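Examination of the molecular architecture
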Amino acid sequence: MKTPAIVYRFQDGVYINLTNRCPNLCTFCIKTKWKMDFHGNNLSLATGEPSAAEVVAALEKELPKAPFKEVVFCGYGEPTMRLDVLLFVAQTLKGWRAQSKYPPFAIRLNTNGLGNLINHKNIVPELAQVLDAINVSLNAQDEQTWRKLVRPETEYQDGYESVVEFIRLCVQAGLKKVVASCVDQTGADPKAVEKVVTSCGAQFYLRSFLDVQD
Ligand code: SF4
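Attention in this report is confined to the structure presented alongside it. (Residues numbered from 1 in each chain as written. Predicted model: local features only at pLDDT ≥ 70, side-chain atom pairs only at ≥ 80, totals over all residues.)

Considerations on the packing of helix H2 (residues 52-62) against helix H3 (residues 83-98)
For the pair H2 and H3, the least separation of the axes is 9 Å and the interaxial angle reads 35°. As H2 packs across H3, the resulting crossing turns out to be right-handed. In contact with Ala 52, Val 55 and Val 56 of H2, H3 contributes Val 85, Phe 88, Val 89 and Thr 92. Grouping the amino acids of the contact of H2 with H3 by side-chain chemistry returns six nonpolar, one polar and no charged. (Axes fitted to C-alpha atoms, helices over the stretch in contact; angles between N-to-C directions. Helix = DSSP H or I, 4+ residues; strand = E, 2+ residues; numbered from the N terminus. Left-handed = near helix turned anticlockwise from the far one by under 90°. Contact = placed C-beta atoms within 7 Å. Nonpolar A, V, L, I, M, F, W, Y, C, P; charged D, E, K, R; others polar.)

Description of the pairing of strand E1 (residues 7-10)
For E1 and strand E2 (residues 13-16), the ladder comprises four bridges, and the chain directions are antiparallel. Of the residues in E2, the one forming a bridge with Arg 9 is Val 14. Counted between consecutive antiparallel strands, the loop separating E1 from E2 contains two residues, among which Gln 11 sits at a positive phi close to 50°. (Pairing = 2+ DSSP bridges.)

A short note on the nonpolar core
Ranked by size, the top nonpolar core spans 57 residues in total, and within it Val 7, Ile 16, Ile 134, Leu 138, Val 163, Ile 167 and Val 197 carry the most contacts. Considering each element in turn, this core owes the most residues, six residues, to helix H7 (residues 160-172). Residues in contact with Ile 16, not counting those within four places in the same chain, are Val 7, Val 55, Val 71, Val 72, Phe 73, Cys 74 and Val 89. (Core = buried A, V, L, I, M, F, W, Y, C linked by C-beta atoms within 7 Å. Buried ≥ 20, exposed ≤ 12 C-beta atoms within 10 Å, placed from the backbone.)

Brief notes about the pairing of strand E8 (residues 177-183)
Across the seven residues that make up E8, a large majority, six, are buried. Note: strand E7 (residues 133-137) against E8, five bridges, orientation parallel. Looking at the pairing, Ala 133 lines up with Lys 177 of E8. Handedness of the crossover joining E8 and strand E9 (residues 203-207) through helix H8 (residues 190-199): right-handed. (Right-handed = clockwise from strand over helix to strand, strands pointing away.)

A look at the environment of Ala 90
In this fold, Ala 90 is placed in helix H3. In the structure, Ala 90 is positioned 79 residues away from Gln 11 in sequence and 20 Å away in space, judged by C-alpha atoms. Excluding residues that lie within four positions of it along the chain, Ala 90 makes contacts with Ile 107, Val 130 and Leu 131.

Here's the deal with the sheet that holds strand E6 (residues 106-111)
Strand order in the open sheet made by the seven strands is E1-E2-E5-E6-E7-E8-E9, with mixed pairing throughout. The two strands at the open ends of the sheet, each matched to only one other strand, are E1 and E9. Pairs of neighbouring strands in the sheet enclose a mean axial angle of 25°, with direction left out of account. Relative to E6, strand E5 (residues 70-73) runs parallel, the two being bridged by four bridges.

Written as structure tokens, this is what we have:
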């Protein structure tokens, strides 16, 4: 078994694997199907989640190796489960960017949008200080469909409206790019999801079934 990857490359990005924990159990999540592997990277953190210092050290090792256009907080898992580490690392990246330590790059979060419920507060102002872009997996046009598809833990059963509000707050906070997505061929109505997303002022993205990774 390969050593767990704290950071890994995908397309033009360097991705950060903060946690495998997630309050959802989406019908389309690939982490179980792909046995915690993502294109040859072992994303299983079964032996422990990385500290902020370990993430920073992994980035310092990886970033000089090859060009990249963005650094993405992703997973297999929900990054806002580790908000303090996320904010610290993003702030560090922002500092490196201000010093032109690397060519210009964007800092993005991929999230299921439940961060406000997970952290029991509005986390958007803190995120907006350190991120350029947020991709939110919305995946449904209404609460009933959302519950059926993302199968949230009991305390998040009523979370759909909070996810929609999270998207709206991100737009209002002035993040450069706010995208909310729907996975195709799951039973959701992509056109109706798009309507919800654009009514929040965000961009809509239809993801292919096997492109799910957050
Ligand atoms: S697809 Fe994302 S939100 Fe859904 S269970 Fe997997 S990690 Fe969680």
